[in-house]
Amino acid sequence: MKRIKILLFSIVYIALSLLCGCAAKPYHAQTRLIMGTVVEITAQDKKAIEAAFTEIERIDALMSNYKPNSEISRLNANGQAKVSHNTLYVIKMAKYFHKLSGGAFDITVGPLVKLWNIKENMQKEAKQIKIPSQERINSALSYVSSNFIEIDEKNSIIRLRKKGVSLDLGAIAKGYAVDRAVAILKHYGVKSALVNAGGQIYCLGKKGFVYWVVGLQNPRKPNGVLDTFKLSNRAISTSGDYEQYFIYNNKRYTHIIDPRTGYPVDNSICSVSVFADNGLTADALSTAIFVLGEEKGRKLAAKFKNVEVKVIKR
Ligand code: ADP
Ligand code: MG
């Protein structure tokens, strides 16, 4: 009896000291503007957070198509480039998603992204916006296909088979950067953290004893939360028509382009959230499903282990 009491007392003591230990170590939430978006990292170890940000900045320096010296910019300018294993991996994965999605996910959308120029058009008044002609869309489309990307894995060289083809990793690099940040945090021994790169999120472990809670924005009400999810060791990524878009003649033109038509996606979907075991998969699939529509999108998701999908219709 006495032994049981001592054992019980020890368990209570250990549990209390664990609780106190957690309470004693506060969480820090830090944000930085990287990859054209707000990146937020929440964890208890400030040094680890700093190292994780440095890694995301490194990935951005490799894969940005705004930074003229990035590997992607050099590749786009020269049609060929020797690249890091990181860039090679992301391009390889992008080609894989291109194949599985039947061409809905395509990092060669670069010329179409430029043509539609959603980022700049968003700032303009409707009367200043010019919708590209079918001729120009057809011309841009002739440079769009991931089959133009040649990967020389042995020499770590990427070649673009046609002059004028250009890559845009906007739908996959943030998810990958989140995965890299999580890897760095783990390297520092961090067991509990949340990384959010503009809606590409990974929840590492739990926050103390409870799950991380991620809110899903109402696509038509900027301050409204539509749903919340309790997550642990899970990625979530949302692609939607509500952050980067312009309205012209009562029609919404969003930043996700259907590479099969050359036009911004116009189906009944407002947003797609994908839950997966890693950020890259969640990021790429959320875009692919947004393009494919709910029915075909769910079929694509079913090909992956541990992937769940939440679709919000217009
Ligand atoms: P966000 O950047 O808001 O997370 P997405 O992950 O869906 O949104 O990525 C959209 C970005 O990816 C676009 O801004 C563009 O750069 C690029 N993109 C647009 N359409 C496609 C597509 N069909 N396949 C791959 N990348 C795309
Ligand atoms: Mg994304």
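Residues numbered from 1 in each chain as written. Chains lettered and ligands numbered in written order. Predicted model: local features only at pLDDT ≥ 70, side-chain atom pairs only at ≥ 80, totals over all residues. Heavy atoms only, no water.

**A few points about the coordination of the magnesium ion (ligand 2)**
Working step 1: Taken together, the protein donors to the magnesium ion (ligand 2) comprise Gln-200 (OE1) and Asp-283 (OD), at separations of 2.0 to 2.2 Å. Highlighted residues: Gln-200 in strand β7 (residues 200-204) and Asp-283 in helix α9 (residues 279-292), separated in sequence by 83 residues. Comparing Gln-200 with Asp-283, the two get one shared label, buried. (Donors = N, O, S within 2.8 Å, 3.2 Å for Na, K, Ca; no water. Helix = DSSP H or I, 4+ residues; strand = E, 2+ residues; numbered from the N terminus. Buried < 20%, exposed > 50% of the residue type's maximum accessible area, 1.4 Å probe, protein only.)

**Some thoughts on the nonpolar core**
Working step 1: Grouped together as the largest cluster of nonpolar side chains are 69 residues, with contacts concentrated most on Ile-56, Met-63, Phe-97, Phe-105, Ile-107 and Ile-172.
Working step 2: Take this core: its biggest share by element is nine residues, from α9.
Working step 3: Residues within four places of Met-63 in sequence aside, it is in contact with Ser-70, Ile-72, Asn-86, Thr-87, Val-90, Leu-169, Ala-173 and Tyr-176.
Working step 4: In this structure, Cys-203, Leu-231, Ile-236 and Phe-275 belong to the second largest nonpolar core, which totals twelve residues. (Core = buried A, V, L, I, M, F, W, Y, C linked by side-chain atoms within 4.5 Å. Contact = heavy atoms within 4.5 Å.)

**Side note on the site of ligand 1**
Working step 1: Residues in contact with ligand 1 amount to 18 residues; listed here are only the nearest, Asp-168, Lys-174, Ser-239, Ile-257 and Thr-287.
Working step 2: The contact in question runs from a nitrogen atom of ligand 1 to an N or O atom on the backbone of Asp-106, over 3.0 Å.
Working step 3: The separation between an oxygen atom of ligand 1 and a polar side-chain atom of Lys-174 is 2.8 Å.
Working step 4: For ligand 1, whose unbound accessible area comes to 570 Å², protein coverage reaches 93%.
Working step 5: Among the elements that make up the shell around ligand 1, the one with the highest residue count is α9 (three residues).
Working step 6: Here the shell around ligand 1 is built from residues that sort into nine nonpolar, five polar and four charged. (Near = heavy atom within 4 Å. Polar contact = N/O pair within 3.5 Å; in protein donor to acceptor, adjacent residues only side chain to side chain. Areas by Shrake-Rupley, 256 points an atom, 1.4 Å probe, with all protein chains shown as cover. Nonpolar A, V, L, I, M, F, W, Y, C, P; charged D, E, K, R; others polar.)

**Some thoughts on the pattern of salt bridges**
Working step 1: Counted by the stated rule, this structure contains 20 salt bridges.
Working step 2: With its nearest N and O atoms 3.0 Å apart, the salt bridge here joins Arg-32 to Glu-50. Of this pair, Arg-32 sits in strand β1 (residues 28-34) while Glu-50 sits in helix α2 (residues 46-63), placing them 18 residues apart in sequence.
Working step 3: With relative accessibility at 23%, the residue Arg-32 sits in the partly exposed group.
Working step 4: Residue class for Glu-50 comes out partly exposed when judged on its relative accessible area of 39%.
Working step 5: Salt bridges linked by common partners bring Arg-220, Asp-241, Lys-251, Arg-252, Asp-266 and Arg-314 together as one network. (Salt bridge = Lys/Arg side-chain N within 4 Å of Asp/Glu carboxyl O.)

**Digging into the side chain of Asp-152**
Working step 1: Tracing the chain through its elements places Asp-152 in strand β4 (residues 149-152).
Working step 2: In this structure, Asp-152 is in contact with Ile-157 and Arg-159, ignoring residues within four places of it in sequence.

**Describing the sheet that holds strand β5 (residues 157-160)**
Working step 1: Pairing within the open sheet is antiparallel, and its three strands lie in the order β3-β5-β4. The open sheet terminates on both sides in strands that have one partner only, identified here as β3 (80-82) and β4. Here the average twist between neighbouring strands, direction ignored, is 15°.
Working step 2: Sheet topology note: the β4/β5 ladder contains four bridges and is antiparallel. (Pairing = 2+ DSSP bridges. Axes fitted to C-alpha atoms, helices over the stretch in contact; angles between N-to-C directions.)

**Brief notes about the confidence of the model for the chain**
Working step 1: For the chain, the average pLDDT comes to 92, and 92% of its residues sit at 70 or higher.
Working step 2: Low pLDDT, under 50, characterises residues 1-18; the predicted model gives this stretch one contact beyond four residues in sequence or across chains. (pLDDT = per-residue confidence, 0-100.)

**Remarks on the packing of helix α8 (residues 173-187) against α9**
Working step 1: Running from N to C, α8 and α9 cross one another at 165°; their axes reach a closest spacing of 7 Å. Between α8 and α9, the angle falls in the class roughly antiparallel. Considering the relative orientation of α8 and α9, their crossing is right-handed. The residues of α9 that touch α8, namely those facing Ala-173, Lys-174, Gly-175, Tyr-176 and Asp-179, are Gly-279, Leu-280 and Asp-283.
Working step 2: Classifying every residue of the contact of α8 with α9 gives three nonpolar, two polar and three charged. (Parallel < 35°, antiparallel > 145°, perpendicular 65-115°, else oblique. Left-handed = near helix turned anticlockwise from the far one by under 90°.)

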